[in-house]
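# Topology and contacts: notes
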Amino acid sequence: MDRLTLLIYLAILLLAQWLELLPVLTRNWRDNLVPLMIAAGITFICLLAWQHQSRNENERIAQETYILGDRIAIQLSSEVEGQLAAMRRFAKLWSLMGQTSAREEWERLARNYYNDFSHFMNIAFIDRDSVIKLVFPDEGKNHELLGVRLFDAQPDSPLRNPLELGIEGHTGIIDLLQGSKGMVTYLPVRAPRDDDIFGAIAMVVDLDSLLDHALRAAHSDIFAITLSERGQVFVHVGPESRLAPWGHQIPIELPASNLMLSLQPTQHFLTVARGRLPEATLLTGIMLAYLVFMVLYMYRHVFQEHRVFEQANNGLKEEMARREKLQNEIQWLARHDELTRLPNRHFFLEQVHLFKEQMPLTIMILDIDFFKSINDKLGHLEGDRYLQTVASVLKVPVESAGGILARFGGEEFVVFLPDCPRAVGRMLAEELRRNVQAAGLPQPATDSVVTVSIGMACLAKEPFALESLLQAADDALYRAKSSGRNQVQVAD
């Protein structure tokens with residue numbers, strides 16, 4: 001509850017009590033005048049003290065918030081300035097090398113600078129006719145830039161500054177040819193002998209990567225942080241509702257850019273960050289005033305007590321209903337994986353023992369191929385989305401076959417099929433493998449789509465040993481992985 005709401009609540013409470021007691025006070029006003037005046041005086045003094053202390057707390061929090069925003073702005077400026085200084089050294093070094101240097105030498109030098117900064121999208125060499133001749137890294141969308149004439153693709157580009165005037169050119173925030181937002185700096189490259197300009201070095205900075213690095217430690221859950229330029233918002237981090245009525249706007253010093261950082265704290269942050277002295281002062285005063293009034297509450301009517309009892313009874317019923325709902329949710333979570341909504345290992349093992357007599361029994365272990373590269377290159381949130389998609393693809397065929405699909409941990413899924421012969425299980429395993437491949441999830445490790453490897457084991461008769469059956473399926477999975485992945489291997 002924020003401070004203004006608390007004040008309004010207390011004011012309404014006092015007013016309601018005053019109106020309720022007004023008849024009694026009217027009849028006995030001489031007896032109650034002194035305590036009423038004392039209580040009113042205490043309340044008024046405490047309100048003045050609370051207002052003064054709250055104003056001081058607001059000023060302190062506003063100053064701390066501004067310092068945080070200024071630190072983020074300085075960090076962004078420093079990052080870009082450091083990259084620009086490195087590229088200036090690279091341009092000078094490339095000028096010394098001359099335009100006769102081999103592509104291998106270019107890649108070696110560019111790689112050293114590229115690896116030093118995580119925000120570079122690429123480093124490119126552009127000839128006098130604005131044609132991109134070399135680019136590093138030479139892969140993906142960067143490779144598609146080779147041969148592009150920038151004077152045609154970006155007529156308003158400041159590339160003419162280095163190519164015609166021999167000075168640096170900065171784009172500010174633009175739409176990059178790769179499809180994302182970023183900044184490009186062009187630096188002239190001169191021939192080592194006659195100092196003639198024979199091209200330019202382009203430093204392409206990805207805005208998302210740069211901002212993510214700067215905002216990583218900015219407590220995005222308690223602040224709304226917005227970066228914009230001339231009203232155009234490039235990124236918004238943090239909540240969008242229940243924000244404080246004030247905030248800070250701090251300019252960021254970047255080449256050819258009027259980037260503005262807006263920092264606005266949340267109401268929750270204000271509540272947590274504020275000191276407790278204003279509330280302690282206010283509540284102490286209210287309690288003192290309330291004690292003065294306590295003698296007057298003996299005149300309450302019996303029906304009011306009944307109303308309080310009825311409200312408490314209704315509240316108890318609501319609490320019991322809420323606890324029952326919570327208990328059901330806890331029981332469900334204990335047996336299922338929250339991410340994929342599939343049964344977890346514990347529930348899976350219960351089901352296996354429940355149907356273990358319906359032989360033949362078939363067990364499959366499915367593992368997403370190269371899943372680590374998905375988390376590393378696309379992020380863990382995208383990795384979670386992949387797991388959810390694969391789970392939904394696998395669930396329908398397995399349940400249609402009368403089986404149970406569960407998440408066994410990480411990127412592994414397990415299938416249990418009672419009363420399922422080996423041949424039927426093999427056909428279902430191939431169907432599952434094809435369905436995952438047909439889902440078309442991009443796989444950065446192979447530049448293809450996501451696939452699964454499947455190990456299957458079948459038990460046709462007693463004795464039943466779950467550990468042995470799982471181990472056989474796991475060994476088959478290992479053979480599938482070793483044999484090239486995206487395949488089904490069946491245990492002997």
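Residues numbered from 1 in each chain as written. Predicted model: local features only at pLDDT ≥ 70, side-chain atom pairs only at ≥ 80, totals over all residues. Heavy atoms only, no water.

## Description of the overall build of the protein chain
From N to C terminus, the protein chain includes 15 helices and 17 strands. Relative to its full complement of 492 residues, the protein chain shows a buried share of 44%. Taking the intrachain contacts of the protein chain between residues at least 6 apart in sequence as the baseline, contacts between residues at least 24 apart amount to 64%. A total accessible area of about 27100 Å² is found for the protein chain, and carbon and sulfur atoms account for 56% of it. (Helix = DSSP H or I, 4+ residues; strand = E, 2+ residues; numbered from the N terminus. Buried < 20%, exposed > 50% of the residue type's maximum accessible area, 1.4 Å probe, protein only. Contact = heavy atoms within 4.5 Å. Areas by Shrake-Rupley, 256 points an atom, 1.4 Å probe, with all protein chains shown as cover.)

## Considerations on the pairing of strand β6 (residues 197–206)
For β6, the buried fraction is high: 10 of the 10 residues fall into the buried class. Direction of pairing for strand β1 (residues 120–127) relative to β6: antiparallel, over a ladder of 7 bridges. Residue phenylalanine 125 lies in a different strand from β6, and its bridge partner there is isoleucine 201. As consecutive antiparallel partners, strand β5 (residues 181–190) and β6 are separated by 6 residues, and within that stretch aspartate 195 has a phi angle of approximately 65°, a positive value. (Pairing = 2+ DSSP bridges.)

## Some remarks on the sheet that holds strand β7 (residues 223–229)
Pairing within the open sheet is antiparallel, and its 4 strands lie in the order β8-β7-β10-β9. Across the chains shown, the open sheet's two edge strands, defined by having one partner strand only, are β8 (232–237) and β9 (248–251). Here the strands of the sheet are splayed against their neighbours by 20° on average, with no regard to which way each runs. In this structure, β7 lies alongside strand β10 (residues 260–265), joined through 6 bridges in antiparallel fashion. By the bridge assignment for β10, alanine 224 is matched with glutamine 264. (Axes fitted to C-alpha atoms, helices over the stretch in contact; angles between N-to-C directions.)

## Describing the packing of aromatic side chains
Applying the stated criterion across every chain, the model contains 4 aromatic pairs. A ring pair is formed by tyrosine 114 and phenylalanine 136, whose centres lie 5.5 Å apart and whose planes are at 85°; its orientation type is edge-to-face. Here the residue tyrosine 114 occupies a position in helix α3 (residues 103–116), and phenylalanine 136 occupies one in strand β2 (residues 132–136), the gap between them amounting to 22 residues. Under the relative-accessibility criterion, phenylalanine 136 is labelled buried at 9%. Seen from their ring centres, phenylalanine 348 and phenylalanine 416 are 6.4 Å apart, and the 90° between their planes marks the pair as edge-to-face. Placement of the pair is phenylalanine 348 in helix α11 (residues 345–354) and phenylalanine 416 in strand β13 (residues 412–417), with a sequence separation of 68 residues. Cluster of aromatic residues (ring-pair linked, three or more members): Phe348, Phe408 and Phe416. Just above the ring of phenylalanine 151 sits the side chain of arginine 160; from NZ or CZ to the centre is 4.0 Å. A cation over an aromatic ring shows up here: arginine 485 above the ring of phenylalanine 370, its NZ or CZ 4.3 Å from the ring centre. (Phe/Tyr/Trp six-rings, centres within 6.5 Å; stacked < 30°, edge-to-face > 60°. Lys NZ or Arg CZ within 6 Å of the ring centre and 35° of its normal.)

## Some remarks on the packing of helix α13 (residues 380–400) against helix α14 (residues 422–438)
Orientation of α13 relative to α14, taken along the N-to-C sense of each, is 150°, at an axis distance of 9 Å. Looking at the two axes, α13 sits roughly antiparallel to α14. For the element pair α13 and α14, the recorded crossing hand is right-handed. Residues Val390, Val393, Leu394, Pro397 and Val398 of α13 form the contact with α14, whose participating residues are Leu428, Glu431, Leu432, Asn435 and Val436. The residue inventory of the contact of α13 with α14, partitioned by class, reads 8 nonpolar, 1 polar and 1 charged. (Parallel < 35°, antiparallel > 145°, perpendicular 65-115°, else oblique. Left-handed = near helix turned anticlockwise from the far one by under 90°. Nonpolar A, V, L, I, M, F, W, Y, C, P; charged D, E, K, R; others polar.)

## Topic: the packing of helix α12 (residues 371–378) against α13
Direction vectors running N to C along α12 and α13 enclose 140°, while the axes themselves pass 7 Å from each other. Judged by the angle between their axes, α12 and α13 are oblique. Residues Phe371, Ile374, Asn375 and Leu378 of α12 touch α13, and the partners they reach there are His380, Glu382, Gly383, Tyr386 and Leu387. The residue inventory of the contact of α12 with α13, partitioned by class, reads 5 nonpolar, 3 polar and 1 charged.

## Notes on the confidence of the model for the protein chain
Within the protein chain, residue pLDDT values average 81, and 87% of them lie at 70 or more. Of all helices and strands in the protein chain, the one with the weakest mean pLDDT is helix α1 (residues 3–27) (66), whereas strand β11 (residues 361–368) scores best (94). Throughout residues 300–304 the model reports pLDDT below 50, and contacts reaching past four residues in sequence, or to other chains, amount to 2 contacts. (pLDDT = per-residue confidence, 0-100.)

## Examining the side chain of serine 262
In this fold, serine 262 is placed in strand β10. Its relative accessible area of 16% is what places serine 262 among the buried residues. A polar contact of 3.4 Å, which involves the side chain of serine 262, links it to the side chain of glutamine 249. Not counting residues up to four positions away in its chain, the partners in contact with serine 262 are Ala224, Ile225, Thr226, His248 and Gln249. (Polar contact = N/O pair within 3.5 Å; in protein donor to acceptor, adjacent residues only side chain to side chain.)

## Focus: the environment of isoleucine 132
Here isoleucine 132 shows up in strand β2. As for isoleucine 132 and alanine 202, which are separated by 70 residues in sequence, their C-alpha atoms are 9.3 Å apart. Excluding its chain neighbours within four sequence positions, the residues that come into contact with isoleucine 132 are Ala124, Phe125, Ile126, Leu145, Leu146, Gly147, Val148 and Leu150.

## Regarding α14
For α14, which comprises 17 residues, the first-to-last C-alpha distance of 24 Å matches the rise-based estimate of 24 Å (1.5 Å per residue) to within 8%. Burial in α14 covers these residues: Gly425, Leu428, Ala429, Glu430, Leu432, Arg433 and Val436. Of the residues trailing α14, glycine 440 is marked for its positive phi of about 70°. (Expected span 1.5 Å × (residues − 1).)

## Notes on the pattern of salt bridges
In total, this model carries 14 salt bridges according to the counting rule given. Here arginine 149 makes a salt bridge to aspartate 129, at a shortest N to O gap of 3.2 Å. Of this pair, arginine 149 sits in the loop between α4 (140–143) and α5 (150–153) while aspartate 129 sits in the loop between β1 and β2, and the two are 20 residues apart along the sequence. Here arginine 407 makes a salt bridge to aspartate 337, at a shortest N to O gap of 3.2 Å. Pair noted here: arginine 407 is in strand β12 (residues 404–409) and aspartate 337 is in the loop between α10 (302–335) and α11, with a separation of 70 residues, a long-range link. Each member of the pair, arginine 407 as well as aspartate 337, carries the same accessibility label: buried. (Salt bridge = Lys/Arg side-chain N within 4 Å of Asp/Glu carboxyl O.)

## Re the sheet that holds strand β16 (residues 452–459)
Think of a sheet as strands paired side by side through backbone hydrogen bonds, with each pair either parallel or antiparallel. Pairing within the open sheet is mixed, and its 5 strands lie in the order β12-β13-β11-β16-β17. Sheet topology places β12 and β17 (488–490) at the edges, where each strand pairs with a single neighbour. On average, each strand axis in the sheet is tilted by 20° relative to the strand beside it, whichever way the strands run.

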